[in-house]
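Topology and contacts: notes
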Amino acid sequence: MTRDACPPMLGLAAGALVLLAAAHALALEVQITTVHASEHGPSDAQLIDLRPRLRRLVGYHSFQVVGKEQRRCAWQTSEVFAIPGGRMLHVVPKAMRDQAVVMSVKLMDGTRALVDTDVRLQNRGVMLFGVGQDSRAAEGALIIMLRAED
Amino acid sequence: MSAERVMTCAEVEGLLDAFVDAELPAPALLAVARHAGGCEACDAAVRELTALREVVERSVVVEAEALDLARVWPVVSQGVERHDARVEWRRRLRTVPAWGVALAVAASAVLWLRSPEPEPARLAAAPRRNQAVIERIDSSGHFELRRDRKYGTTLIMVSDQAGQ
Amino acid sequence: MGSSDWELVQRTRAGDRDAFRELVERYQRKIAALALGMLRNREDALDVVQETFTKAYESLGRFKGDAAFYTWVYRIAYNLCVDHQRRSAKQPQMSLDAEEPGQGPPTVLAAGPRPDQPFDRARDSEIARRVREAIADLTPDHRAVILLRELEGLSYAEISQVLECPKGTVMSRLHYARRQLQRRLRELL
């Protein structure tokens, strides 16, 4: 690299850093953890502390992590997360409002929308989606834990 | 060890645990008891070990007695039934011809596909910290909105049965 | 006088589930005490109690009666406790919360010991808490021998069967565990 080329190169590098920082600020960190809930068997060690709460909410006995993904999602853009079992979770972050993330979430089973919702979730908070039968079944249920952080 | 010989404190110290636990043979038990009866330090050591047992027992037993064990047998009973069903299934599989197995699987699939009556949706409690606020919700089937009373965590539970 | 453990085992093997229920109800409190002492968590302790008897039923065909039924069941429970602890120790815990709500038991402040009434009610909960903390700070091996001996009253030979270690090891672990507890709890004794 010649001395003459240095300033433009530095300028390009600085510009790239600024763009990177801006892109980072214009995105939401979304983490999707999928958990299989069942009537019997051991629970995943990392869910031991959560187990009483999951039992109260979901009603099953033991819980195993079956999927985990974390991604930066751009505002106003749909990000699709694959959920074990062939389903898809569509997340569209919309805005920050009063320390909460406003987003649309759609859980699709093929072309069928199992749930289509607009939520306001506390920043760095977690909400749950559950997929199962109306009454507790031997094959258990799937719990999707969605965490969003600005 | 002779029951007549007087033991030293150093010898007794090594036998104290077994003495308190009644794990010593009779002659040694008597020898330790005789020594402790005449030695203040060893007698105090015996009392302290006994007090330790009492305090441990009281502290842990009280906590264990407060445990509600009413649901132990129902859960164990389910495990027993599943185990017996597996054993019986394996036994029958060895005797029933293949077409019989195929018929049984088909019948199970029909029963599994039957849908129960939908339940009315439960309403969530008032919003609290650490929860999600649902501004709009739609579903192709049956759903329930649940909130953890203690922490406010929100769960949207949906049925995966088609046509619900 | 009720049926012996061996009679109940035989009846269970013959298909009598009520006999197994009687065994469960006979020993569930003891197993719960051991599990609670080992794991310091009620939910985990209850899980271990349930898993212990489920496993015992599944393995009943292998129980030969050469050891007492209760030492055999204690061994199953102890191994399950060790498994639980290994799983919890390896994994950081997931959280559902942006901030953890204020938790923890209320602090109980106790006055100094009164020689005339060492165990009055006001001090009991504080003593119990300190004792349980001291036991929890022992290693799992030392915790197990203290619980099996002081709580369950098992002999050294029975403890060695449960823990599958020599009797000499049981004695040295017990000696060490007691001295550790004495050091921590001296002013309470």
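Since we're looking at a predicted model, the values are computed, not measured.

**Quick look at the overall build of chain A**
- Counting its regular elements, chain A contains two helices and eight strands.
- Once local pairs closer than 6 in sequence are excluded, the contacts in chain A between residues at least 24 apart make up 43%.

**Concerning the overall build of chain C**
- Counting its secondary structure elements, chain C contains eight helices and zero strands.
- Seen in sequence order, chain C has helices and strands lined up from the N terminus as α-α-α-α-α-α-α-α.
- Per-residue burial for chain C yields a buried fraction of 36% across its 189 residues.
- Long-range pairs, those at least 24 residues apart, make up 62% of the contacts in chain C with a sequence separation of at least 6.

**Points about the sheet that holds strand 1 (residues 132–138) of chain B**
- Across the sheet, five strands lie side by side as 3(A)-4(A)-5(A)-6(A)-1(B); this open sheet has antiparallel pairing. Either end of the sheet is taken by a strand with one partner, and the two such strands are strand 3 (79–83) of chain A together with strand 1 of chain B. Looking at each pair of strands side by side, their axes are set apart by 25 degrees on average, direction ignored.

**Here's the deal with the confidence of the model for chain C**
All names here are of chain C.
- For chain C, the mean per-residue pLDDT works out to 82, and 81% of the residues sit at or above 70.
- The model gives residues 99–119 a pLDDT under 50, and that stretch makes nine contacts with residues more than four places away or in other chains.
- The ipTM for the predicted assembly is 0.84, set against a pTM of 0.60.

**Looking at the sheet that holds strand 1 (residues 27–38) of chain A**
- In space, the six strands of this open sheet follow the order 2(A)-1(A)-8(A)-7(A)-3(B)-2(B), with mixed pairing throughout. Each having just a single partner strand, strand 2 (62–74) of chain A together with strand 2 (143–147) of chain B make up the two edges of the open sheet. Within this sheet the neighbouring strands show an average axis-to-axis angle of 20 degrees, counted without direction.
- Bridge count between strand 1 of chain A and strand 2 of chain A: twelve bridges; the pairing is antiparallel. Within the sheet, the bridge partner assigned to glutamate 29 of chain A lies in strand 2 of chain A and is arginine 72 of chain A.

**Side note on the packing of helix 2 (residues 17–39) of chain C against helix 6 (residues 140–151) of chain C**
All names here are of chain C.
- Direction vectors running N to C along helix 2 and helix 6 enclose 150 degrees, while the axes themselves pass 10 Å from each other. Once helix 2 is placed against helix 6, the crossing between them reads as right-handed. Across from Ala33, Leu34, Gly37 and Met38 in helix 2, the residues of helix 6 making contact are Pro140, Arg143, Ala144, Leu147 and Leu151.
- Among the residues forming the contact of helix 2 with helix 6, the class breakdown is seven nonpolar, one polar and one charged.

**Structural notes on the interface of chain C and chain B**
- Contact residues are listed per partner, giving 44 residues for chain C and 31 residues for chain B.
- At the level of secondary structure, the elements contributing two or more residues to the side of chain C that touches chain B comprise helix 2, helix 3 (42–58), helix 5 (121–136), helix 6 and helix 8 (167–185) of chain C.
- Considering every element that reaches the side of chain C that touches chain B, the biggest residue donor is helix 2 of chain C, with eleven residues.

**Quick notes on the packing of helix 5 (residues 72–93) of chain B against helix 3 of chain C**
- Interhelical geometry of helix 5 of chain B versus helix 3 of chain C gives an angle of 30 degrees and a closest axis separation of 9 Å. On the basis of the axis angle, helix 5 of chain B is roughly parallel to helix 3 of chain C. For helix 5 of chain B against helix 3 of chain C, the interelement crossing comes out right-handed. Residues Val72, Val75, Val76, Gly79, Val80 and His83 of chain B of helix 5 of chain B lie in contact with helix 3 of chain C, whose contacting residues are Val49, Gln50, Phe53, Thr54, Tyr57 and Glu58 of chain C.
- Of the residues that constitute the contact of helix 5 of chain B with helix 3 of chain C, the class distribution is seven nonpolar, four polar and one charged.

**Description of the pairing of strand 3 of chain A**
Residues and elements named next belong to chain A.
- The sheet contact formed by strand 3 and strand 4 (residues 87–97) spans five bridges and is antiparallel. Among the inter-strand pairings, valine 80 is bridged to a residue of strand 4, identified as histidine 90.
- The hairpin turn running from strand 3 into strand 4, its antiparallel successor, is three residues long, and glycine 85 in that turn takes a positive phi close to 105 degrees.

**Quick notes on unusual backbone geometry**
- Positive phi outside glycine occurs at glutamine 76 of chain A, with the angle close to 60 degrees.
- A count of 10 C-beta atoms within 10 Å places glutamine 76 of chain A in the exposed class.
- Phi is positive for alanine 22 of chain B, which is not a glycine, with a value near 55 degrees.

**Quick notes on the pairing of strand 3 (residues 154–159) of chain B**
- Counting buried residues along strand 3 of chain B, six of its six residues qualify, which places the element largely inside the surrounding structure.
- By the alternation rule, side chains of strand 3 of chain B split into Thr154, Ile156 and Val158 of chain B and Leu155, Met157 and Ser159 of chain B, which are all buried.
- Looking at chain direction, strand 7 (residues 125–132) of chain A and strand 3 of chain B are connected through five bridges and run parallel. The residue bridging glycine 130 of chain A from the neighbouring strand is methionine 157 of chain B, located in strand 3 of chain B.
- Counted along the chain from strand 2 of chain B to the antiparallel partner strand 3 of chain B, the turn is six residues long, and its residue glycine 152 of chain B has a positive phi close to 80 degrees.

The rules behind each value
- Residues numbered from 1 in each chain as written.
- Chains lettered and ligands numbered in written order.
- Predicted model: local features only at pLDDT ≥ 70, side-chain atom pairs only at ≥ 80, totals over all residues.
- Helix = DSSP H or I, 4+ residues; strand = E, 2+ residues; numbered from the N terminus.
- Contact = placed C-beta atoms within 7 Å.
- Buried ≥ 20, exposed ≤ 12 C-beta atoms within 10 Å, placed from the backbone.
- Pairing = 2+ DSSP bridges.
- Axes fitted to C-alpha atoms, helices over the stretch in contact; angles between N-to-C directions.
- pLDDT = per-residue confidence, 0-100.
- Left-handed = near helix turned anticlockwise from the far one by under 90°.
- Nonpolar A, V, L, I, M, F, W, Y, C, P; charged D, E, K, R; others polar.
- Parallel < 35°, antiparallel > 145°, perpendicular 65-115°, else oblique.

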